Amino acid sequence: MKPVAALVLILSGLAAPLCAEGVPEPDVYRMEEFRAPVPDTLTGGTVIDPEEAHRIWEAGEAAFIDVLPQAPRPPNLPKGTIWRDKPRDTIPGAIWLPNVGYGAIADVTAEYFRRGLKKATGDDPSRPVVFFCLDDCWMSWNAAKRAIEWGYEEVYWLPEGTDGWSFMDYPLEVVKPEEPQP
């Protein structure tokens, strides 16, 4: 094809796009590179934007679960070094279940996640639940997918997370992680 003809096709919109339109939804959990572009879909769940999340939040229709990971205390800190966990600003009323959004989670983490889900939903798998993290964070997609597989019926996923929420100037509050119970 001659360069002029190709240019005409591109400008007229008849040519195939030059780049992918989106990230395809995988059949399995994301196992690495958790901060990367995410898909536009979640099979079995509903993808929402910050405006819809805010409407649901204002109506008190759903439990909100933040799955941002929490960095552990480095094991090689010199004796006497003070370690302070980084504060987490999140959607008011949300519970923070750090580290449950990895692609593969240990049994103890899965149990922690299940207990947190039960607490957030009042042990009612039909209660709507919204999962989030940060913008372009696969952790929330993984967590939402896992909740769907565990039988939660009305799962929402906010891919923009607290980044999108705060961009809209919606309120945030500092939260501590949900404590694991023995």
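Scroll up to find the structure this text is about.
Let us look at the structure shown here. (Residues numbered from 1 in each chain as written. Predicted model: local features only at pLDDT ≥ 70, side-chain atom pairs only at ≥ 80, totals over all residues. Heavy atoms only, no water.)

Some points on the overall build of the protein chain
- If you tally the helices and strands in the protein chain, you get 5 helices and 7 strands.
- Along the protein chain, helices (α) and strands (β) appear in the sequence α-β-α-β-β-β-α-β-α-β-α-β when read from the amino end.
- Relative to its full complement of 182 residues, the protein chain shows a buried share of 40%.
- Once local pairs closer than 6 in sequence are excluded, the contacts in the protein chain between residues at least 24 apart make up 79%.
- Accessible surface, the protein chain: about 10,800 Å² in total, of which carbon and sulfur atoms supply 56%. (Helix = DSSP H or I, 4+ residues; strand = E, 2+ residues; numbered from the N terminus. Buried < 20%, exposed > 50% of the residue type's maximum accessible area, 1.4 Å probe, protein only. Contact = heavy atoms within 4.5 Å. Areas by Shrake-Rupley, 256 points an atom, 1.4 Å probe, with all protein chains shown as cover.)

A short note on the sheet that holds strand β6 (residues 155-158)
- Spatially, 5 strands are ordered β1-β6-β5-β2-β4 in an open sheet, and the strand pairing comes out parallel. One side of each edge strand has no neighbouring strand; the edge strands of this open sheet are β1 (46-47) and β4 (95-96).
- Relative to strand β5 (residues 129-132), strand β2 (residues 63-66) runs parallel, the two being bridged by 4 bridges. Bridge pairing in β5 places alanine 63 opposite valine 129. (Pairing = 2+ DSSP bridges.)

So, the pairing of β5
- What you see with β5 is no split at all: Val129 and Phe131 on one side and Val130 and Phe132 on the other are buried throughout.
- Summarising the sheet, β5 and β6 pair through 4 bridges and their orientation is parallel. What sits directly across from valine 129, in β6, is valine 155.
- Viewed along the sheet, the connection from β5 through helix α4 (residues 138-149) into β6 turns out right-handed. (Right-handed = clockwise from strand over helix to strand, strands pointing away.)

A few points about helix α2 (residues 50-59)
- Residues of α2 that are buried: Pro50, Ala53, His54 and Ile56. Each buried residue of α2 sits inside an arc of 165 degrees when the element is viewed along its axis, so together they form one side.
- Tucked inside the fold, the buried residues of α2 contact β2, β5, β6 and α5 (161-167). (Arc of directions from axis to C-beta.)

Some thoughts on the side chain of threonine 162
- Along the polypeptide, threonine 162 turns up in helix α5.
- Exposure remark for threonine 162: the relative accessible area of 4% places this residue in the buried category.
- Threonine 162 has contacts with Asp66, Arg88, Asp89, Thr90, Ile91, Phe132, Cys133, Leu134 and Leu172, leaving out every residue within four places of it along the chain.

Considerations on unusual backbone geometry
- Although it is not a glycine, glutamate 33 sits at a positive phi angle of roughly 45 degrees.
- Topologically, glutamate 33 is positioned in the loop between α1 (3-12) and β1.
- The phi torsion at aspartate 123 lies on the positive side, around 60 degrees, for a residue other than glycine.
- Looking at the element boundaries, aspartate 123 is found in the loop between α3 (107-121) and β5.

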